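For reference, the chains in residue letters:
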Amino acid sequence: MAHSTEQRTPAQHLNQLIAEAKDATGILPTIDRCRQLCDELRPRITDLADQVRRRLDYTATGTDEWTRLESALLQAQGALLGGLGRGLRSAGVHVKTLGEAAQALADCIRDD
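**Focus on the overall build of the protein chain**
Right, so step 1: Secondary structure assignment for the protein chain yields 4 helices and 0 strands.
Right, so step 2: For the protein chain, the succession of helices and strands along the chain, N to C, is α-α-α-α.
Right, so step 3: For the protein chain, the C-alpha atoms occupy an extent of roughly 45 × 35 × 20 Å along the three principal directions.
Right, so step 4: Here the protein chain holds 112 residues, and 33% of them are scored as buried.
Right, so step 5: Taking the intrachain contacts of the protein chain between residues at least 6 apart in sequence as the baseline, contacts between residues at least 24 apart amount to 71%.
Right, so step 6: Of the roughly 6900 Å² of accessible surface on the protein chain, a fraction of 52% belongs to carbon and sulfur atoms.
Right, so step 7: Charged side chains in the protein chain number 14 positive and 16 negative. The centres of these two groups are separated by 5 Å.

As structure tokens, then:
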């Protein structure tokens, strides 16, 4: 991967992580890259989930928006409970799951 001399914003870096994670079951990354993606995505997901929870606090219960926010939080919770598993394929699936959870949470934040 070519490195640019331009500085990426945190949102651009997150978008890149999400895209790479979501592709992790196509051409499988190395196990080391899966670990690295996992290590980078987990704290990002936690931070995004905190933001979505704060937004959920001000959303009327039972509305479509509340359901969307709650679903993203539950998806993230499930993703964070998982692990890389025993092989490269399971690691790729887990990384993809983390990427999808990060995307769902980020989409909730971007809708402001």
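There is more to say, and it comes next.
**Quick word on the layout of surface pockets**
Right, so step 1: Its boundaries defined by the atoms lining it, the second largest pocket holds a volume of some 160 Å³.
Right, so step 2: Looking at the second largest pocket, the residues that line it are Pro10, Ala11, Leu14, Arg44, Asp47, Leu48, Gln51, Ala106, Ile109 and Arg110.
Right, so step 3: Among the secondary structure elements, those contributing two or more residues to the lining of the second largest pocket are α1 (10–22), α2 (31–57) and α4 (88–110).
Right, so step 4: Of all the elements, α2 adds the most residues to the lining of the second largest pocket, at 4 residues.
Right, so step 5: Split into classes, the residues belonging to the lining of the second largest pocket amount to 6 nonpolar, 1 polar and 3 charged.

**Some details on the pattern of salt bridges**
Right, so step 1: Taken as a whole, this structure holds 7 salt bridges when the rule is applied.
Right, so step 2: For Arg55, the salt bridge identified is with Glu65, shortest N-O distance 3.1 Å. Placement of Arg55 in helix α2 and of Glu65 in helix α3 (residues 64–81) is noted, with a sequence separation of 10 residues between them.
Right, so step 3: Residue classification places Arg55 among the partly exposed residues on the basis of a relative accessible area of 21%.
Right, so step 4: Linking Asp107 and Arg110 is a salt bridge whose minimum nitrogen-to-oxygen distance equals 3.6 Å.

Cut-offs applied
Residues numbered from 1 in each chain as written. Predicted model: local features only at pLDDT ≥ 70, side-chain atom pairs only at ≥ 80, totals over all residues. Heavy atoms only, no water. Helix = DSSP H or I, 4+ residues; strand = E, 2+ residues; numbered from the N terminus. Buried < 20%, exposed > 50% of the residue type's maximum accessible area, 1.4 Å probe, protein only. Contact = heavy atoms within 4.5 Å. Areas by Shrake-Rupley, 256 points an atom, 1.4 Å probe, with all protein chains shown as cover. Lys, Arg positive; Asp, Glu negative; His and termini not counted. Charge placed at Lys NZ, Arg CZ, Asp CG, Glu CD. 1 Å grid on protein atoms, 1.4 Å probe; cavity = no way out; pocket = protein on both sides within 12 Å on 5 of 7 lines; lining within 4 Å. Points joined across faces, edges and corners; volume = space filled by probe spheres on them. Nonpolar A, V, L, I, M, F, W, Y, C, P; charged D, E, K, R; others polar. Salt bridge = Lys/Arg side-chain N within 4 Å of Asp/Glu carboxyl O.

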